[in-house]
Amino acid sequence: MSEQTLSLIKPDAVERNLIGKIIQIFEENNLIIEKMKKIHVDMDFAKTFYSVHSDKPFFNDLCSYISSGPLVAMVLKGDNAVQKNRDLMGATNPKDAKPGTIRNLYAISIDKNSVHGSDSIENAKIEIDLFFKD
Ligand code: UDP
Ligand code: MG
């Protein structure tokens, strides 16, 4: 069934000119770029976006990092888009990411791991709204 998910190309990947290489992986796997924009979010927006992690020890560093430079936000559309994007991204820690996944290919570390992807259809709707409302 066709669904939508939010993808972010995080600041570490934007900084290293990897936007095209990452988008190519989505397109080659039949995900359609429905919407896309490059933005530099502020700390308040970061805290809202990552509020589910507010009790984690890495929360402040995570919010500082995601607001440290421009990122690319996208709505990806396609069959099973939420899970497909998660599979293409690979594990959160690049050391555990399977060969050929985006994080295996491009991530620097568990915190600078190049991409975000919604983890459920429900959260995809919330995250898409946050980035693309209006
Ligand atoms: N993160 C981190 N340290 C950790 C775990 C996570 O810096 O020990 C960061 C990392 O950038 C990750 C984000 O927090 O992508 C959100 O964590 P989550 O567990 O939701 O991982 P994801 O869904 O991105 O794979
Ligand atoms: Mg997550």
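Our subject is the structure listed above.
An account of the accompanying structure is given in this report. Since we're looking at a predicted model, the values are computed, not measured. (Residues numbered from 1 in each chain as written. Chains lettered and ligands numbered in written order. Predicted model: local features only at pLDDT ≥ 70, side-chain atom pairs only at ≥ 80, totals over all residues. Heavy atoms only, no water.)

1. A look at the environment of Asp87
Move 1: Along the chain, Asp87 falls in helix 5 (residues 81–89).
Move 2: Judged by relative accessible area, which is 49%, Asp87 ranks as partly exposed.
Move 3: For the pair Asp87 and Lys98, spaced eleven residues apart in sequence, the C-alpha to C-alpha distance is 9.2 Å. (Helix = DSSP H or I, 4+ residues; strand = E, 2+ residues; numbered from the N terminus. Buried < 20%, exposed > 50% of the residue type's maximum accessible area, 1.4 Å probe, protein only.)

2. A closer look at the environment of Ser114
Move 1: As for its placement among the helices and strands, Ser114 is situated in the loop between helix 6 (102–106) and strand 4 (115–117).
Move 2: Residues Ser114 and Ala91 lie 23 residues apart in sequence; the distance between their C-alpha atoms is 11 Å.
Move 3: The contacts of Ser114, once residues within four sequence positions are left out, are Leu8, Ile9, Lys10, Asp12, Ala13, Arg16, Tyr106 and Ala107.
Move 4: One polar contact links the side chain of Ser114 to the main-chain carbonyl oxygen of Tyr106, over a distance of 3.5 Å. (Contact = heavy atoms within 4.5 Å. Polar contact = N/O pair within 3.5 Å; in protein donor to acceptor, adjacent residues only side chain to side chain.)

3. Concerning the packing of aromatic side chains
For any pair of aromatic rings, the description consists of the separation of the ring centres together with the inter-plane angle of the planes.
Move 1: Scanning all chains against the criterion turns up three aromatic pairs.
Move 2: Pairing Phe45 with Phe131 gives two aromatic rings, centres 4.8 Å apart and planes at 75°, and the pair type is edge-to-face. In this pair, Phe45 sits in helix 3 (residues 43–49) while Phe131 sits in helix 7 (residues 121–132), placing the two residues 86 residues apart along the sequence.
Move 3: Of the aromatic side chains, those joined through ring pairs into one cluster are Phe45, Phe49, Tyr50 and Phe131.
Move 4: Positioned above the aromatic ring of Phe132 is the side chain of Lys37, whose terminal nitrogen or guanidinium carbon lies 5.0 Å from the ring centre. (Phe/Tyr/Trp six-rings, centres within 6.5 Å; stacked < 30°, edge-to-face > 60°. Lys NZ or Arg CZ within 6 Å of the ring centre and 35° of its normal.)

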